[in-house]
Amino acid sequence: KKNRVWIGTNADGLFKFEADSLMHLKELEKLTTSAIYAIYEDDSSNVWIGTIKGELIKYKNGVFIPCDFNHSSEQIFSFFQDSEGVILVCANSGIYKIDNNKLSKKPLINIKSASNIIEDLSGNMWISSDSEGLYRYNKLTHQIDLLSEQNGLPNNSVTKILFSSHGDIWGCTN
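Predicted, not measured: the structure shown is a model, and the values here were computed from it.

Attention shifts here to the packing of aromatic side chains. Counted by the stated rule, this structure contains three aromatic pairs. Each ring, one from Trp 6 and one from Tyr 59, has its centre 5.5 Å from the other, and the planes form 75°; the classification is edge-to-face. Residue Trp 6 is found in strand β1 (residues 4-8), and its partner Tyr 59 is found in strand β6 (residues 56-60); the two are separated by 53 residues along the sequence. Neither residue differs from the other here; Trp 6 and Tyr 59 are each classed as buried. Summarising the aromatic geometry, the rings of Tyr 37 and Phe 77 are spaced 6.1 Å apart at their centres and angled 25° between planes, so their arrangement reads as stacked. Of this pair, Tyr 37 sits in strand β4 (residues 36-41) while Phe 77 sits in strand β8 (residues 76-81), placing them 40 residues apart in sequence. A relative accessible area of 31% means that Tyr 37 is categorised as partly exposed. Through a chain of ring-to-ring contacts, three or more aromatic side chains come together here, namely Trp 6, Tyr 59 and Phe 64.

What follows is about unusual backbone geometry. With a phi angle near 50°, Asn 61 is a residue other than glycine that sits in the positive phi range. Topologically, Asn 61 is positioned in the loop between β6 and β7 (63-68).

The next subject is the sheet that holds β7. If you walk across this open sheet you meet the four strands as β4-β5-β6-β7, and the pairing is antiparallel. Strands with a single pairing partner mark the edges of an open sheet, and in this sheet they are β4 and β7. Each adjacent strand pair in this sheet contributes to an overall mean axis angle of 25°, direction not counted. Sheet topology note: the β4/strand β5 (residues 47-51) ladder contains five bridges and is antiparallel. Its bridge partner being in β5, Ala 38 is matched across the sheet by Gly 50.

Definitions and limits used
- Residues numbered from 1 in each chain as written.
- Predicted model: local features only at pLDDT ≥ 70, side-chain atom pairs only at ≥ 80, totals over all residues.
- Heavy atoms only, no water.
- Phe/Tyr/Trp six-rings, centres within 6.5 Å; stacked < 30°, edge-to-face > 60°.
- Helix = DSSP H or I, 4+ residues; strand = E, 2+ residues; numbered from the N terminus.
- Buried < 20%, exposed > 50% of the residue type's maximum accessible area, 1.4 Å probe, protein only.
- Pairing = 2+ DSSP bridges.
- Axes fitted to C-alpha atoms, helices over the stretch in contact; angles between N-to-C directions.

Listed below in structure tokens is the structure:
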């Protein structure tokens with residue numbers, strides 16, 4: 001947002017590209033690992049950072065705020081803010097939500113290796129998995145449907161999903 005690009009690395013921490021300048025935010029390394037797997041700027045301009053160790057950190061007004069370091073068995077892969085303003089977190093054992101700056105204790109949706117989540121115009125959540133395929137989750141009925149190799153998906157490893165301007169879903173597989 002606002003002509004800013006956040007860059008997380010596997011070994012060198014967090015960078016911000018803004019006004020034609022690349023800045024290494026080394027202060028974060030005092031709090032956590034240098035393996036940043038997920039970055040998301042929400043509608044309130046909070047920047048959420050997820051690590052390989054499952055640590056949740058918020059960056060607000062130039063300050064890093066450790067929020068949740070109690071999910072060490074999780075790896076945080078991505079964030080998404082749904083149409084109701086709820087921030088969801090894709091992790092290796094499911095979809096969590098952020099509540100009072102903490103990850104929910106149990107996954108909101110149990111999906112192994114959830115890597116990416118988006119919402120369609122009908123309010124369905126589409127969740128990619130690195131090992132199980134593509135899920136559609138109906139928030140109203142809590143019904144989960146799976147698209148996988150068994151019903152025509154070319155590969156069960158779906159790493160990224162997005163919608164086209166026409167509402168078609170696109171996914172990247174191995």
